[in-house]
Amino acid sequence: QVQLVESGGGLVQPGGSLRLSCAASGSIFSIYAMGWYRQAPGKQRELVAHNPRDGNPNYTDSVKGRFTISRDNAKNTVYLQMNNLKPEDTAVYYCNAQITTAGALPYRNYWGQGTQVTVSS
């Protein structure tokens, strides 16, 4: 069993900052990539930021220069630092990780339960 547990969402005024955290736990053999998606009401889930184990992070255009993704591999944790937040960043944010539970098994996608981020004055 693998679990992703997110924290750090909340209500913030425009221009403010939040930091999301996502910790993976359970029968983890290896994590390839970790990332964050978001889904606003009435919209499809979209990729916000992606951090592969072997490569550079990448971001959707609307958050470049404002959001920073980082990983602590020793803790199996990924973070999303969100600065200069805008009302259009309001959404449920989901953590995603590609994890294998044994060396011979393929990587699978795992999801967190989601955390609400609301940007409003």
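This one's a predicted model, so the numbers in the text were calculated from it and none came from an experiment.

1. Quick word on the packing of aromatic side chains
Think of a pair of aromatic rings as described by two things: how far the centres are apart, and how the planes are tilted against each other in angle.
Link 1 in the chain: This model, assessed by the stated rule, comprises two aromatic pairs.
Link 2 in the chain: Between Tyr37 and Trp111, the aromatic rings sit 5.0 Å apart at their centres with planes inclined by 65°, giving edge-to-face as the arrangement. A residue pair is termed long-range when its members are at least 10 positions apart, and Tyr37 in strand E4 (residues 30-39) and Trp111 in strand E10 (residues 108-111) qualify at 74 residues.
Link 3 in the chain: It is Arg45 that lies over the ring of Tyr94; its NZ or CZ is 3.7 Å from the centre.
Link 4 in the chain: In this structure, Arg45 is placed above the aromatic ring of Trp111, and the distance from its NZ or CZ to the ring centre is 4.7 Å.

2. Considerations on the state of the cysteines
Link 1 in the chain: On inspection of all chains with the given rule, the structure shows one disulfide.
Link 2 in the chain: Shown here is the disulfide that connects Cys22 with Cys95, its sulfur atoms set 2.1 Å apart. Around the S-S axis, the bridge from Cys22 to Cys95 shows a dihedral of about -80° and counts as left-handed. With Cys22 in strand E3 (residues 18-26) and Cys95 in strand E9 (residues 91-100), this residue pair connects regions lying 73 residues apart in the sequence.

3. What about the sheet that holds strand E1 (residues 2-7)?
Link 1 in the chain: Strand order in the open sheet formed by four strands is E1-E3-E8-E7, with antiparallel pairing between adjacent strands. Either end of the sheet is taken by a strand with one partner, and the two such strands are E1 and strand E7 (67-72). The sheet shows a mean angle of 15° between the axes of neighbouring strands, direction not considered.
Link 2 in the chain: Two elements, E7 and strand E8 (residues 77-82), share six bridges in a ladder whose sense is antiparallel. Bridged to Thr68 within E8 is Gln81.

4. Topic: the pairing of E8
Link 1 in the chain: Where burial is concerned, most of E8 is hidden: five out of the six residues are buried.
Link 2 in the chain: With six bridges connecting them, E3 and E8 associate as antiparallel partners. Bridging from a neighbouring strand, Cys22 pairs with Val78 of E8.
Link 3 in the chain: Connecting the antiparallel pair E7 and E8 is a turn made up of four residues, with Asn76 showing a positive phi of about 50°.

So, how was this worked out
- The numbering scheme is per chain: residues are counted from 1 as the chain's sequence reads.
- With pLDDT at 70 or above as the cut-off, local features in this predicted model cover only qualifying residues; side-chain atom pairs require 80 or more to be listed or tallied, and sums for whole chains, interfaces and linings still use all residues.
- Each side-chain value is derived from all of the structure's non-hydrogen atoms; neither hydrogens nor water enter the calculation.
- Centres within 6.5 Å make a pair out of two Phe, Tyr or Trp rings, where for Trp the six-membered ring is used; the pair is then stacked when the planes are under 30 degrees apart, edge-to-face when over 60, and tilted otherwise.
- Segments assigned H or I by DSSP are reported as helices when at least four residues long, segments assigned E as strands when at least two residues long, and all are numbered from the N terminus.
- Counted as over-ring charges are cases with an Arg CZ or a Lys NZ within 6 Å of the ring centre that also lie within 35 degrees of the ring normal.
- Counting rule for disulfides: a pair of cysteine sulfur atoms within 2.5 Å.
- Pairing between strands is defined by DSSP: at least two bridges between the two strands are required.
- Axes here mean lines fitted to C-alpha atoms, for a helix over just the part in contact, with angles spanning 0 to 180 degrees between N-to-C directions.
- Only protein chains enter the calculation, and the probe is 1.4 Å; a residue is then buried if its accessible area is under 20% of its type maximum, exposed if over 50%, and partly exposed in between.

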